[in-house]
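A closer look at the structure
The residues making up each chain are set out below.
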Amino acid sequence: MIAPNRRAFLGLATNAIAAAAIGTAGVRLIGVAEAMPVDPDPGRAGEAALPVMPAQWGPGPSPGWGSPGWGAPPPRPGWGPPPPRRRRRRWVCWWHRGRRHCGWRWR
């Protein structure tokens, strides 16, 4: 009888982990495949498609800037626009002419 050794045990553990990973990926793949829409009549591949309505794109024509549409957004209630973002310093390192320099940089 051959005594079990460390190499055999590690091989078994590696194979078990690989099998678990493949099984998990397979379960995920089956779930995704079941959620995909399937044509109920696949024999119609060569025929013309069903009549399609043109898709609505955008909110439609707007008579002016104040009305809903792609124009400027309506004014927001409040005290006006928010203040500008604060600039912050951060400690970074960078390379310059083959040497590393570290210091404070503005973000």
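Everything here concerns the structure above.
Structure report, in brief. (Residues numbered from 1 in each chain as written. Predicted model: local features only at pLDDT ≥ 70, side-chain atom pairs only at ≥ 80, totals over all residues. Heavy atoms only, no water.)

Moving on to the environment of Trp-104. Tracing the backbone shows Trp-104 in strand β2 (residues 99-106). Sequence spacing of Trp-104 and Arg-89 is 15 residues, and the spatial spacing of their C-alpha atoms is 6.1 Å. Those residues in contact with Trp-104 that sit more than four places away from it in its chain are Arg-89, Arg-90 and Trp-91. (Helix = DSSP H or I, 4+ residues; strand = E, 2+ residues; numbered from the N terminus. Contact = heavy atoms within 4.5 Å.)

On to unusual backbone geometry. In this model, Arg-97 sits at a positive phi of 55°, which is unusual for a non-glycine residue. In this structure, Arg-97 sits in the loop between β1 (89-96) and β2.

Looking now at the state of the cysteines. Across all of its chains, the model carries 1 disulfide by this definition. Each sulfur of the disulfide joining Cys-93 and Cys-102 lies 2.1 Å from the other. In this structure, the disulfide formed by Cys-93 and Cys-102 twists by about 105° around the S-S bond and is classed as right-handed. Here Cys-102 falls in the partly exposed class, since its relative accessible area comes to 38%. (Disulfide = S-S within 2.5 Å. Buried < 20%, exposed > 50% of the residue type's maximum accessible area, 1.4 Å probe, protein only.)

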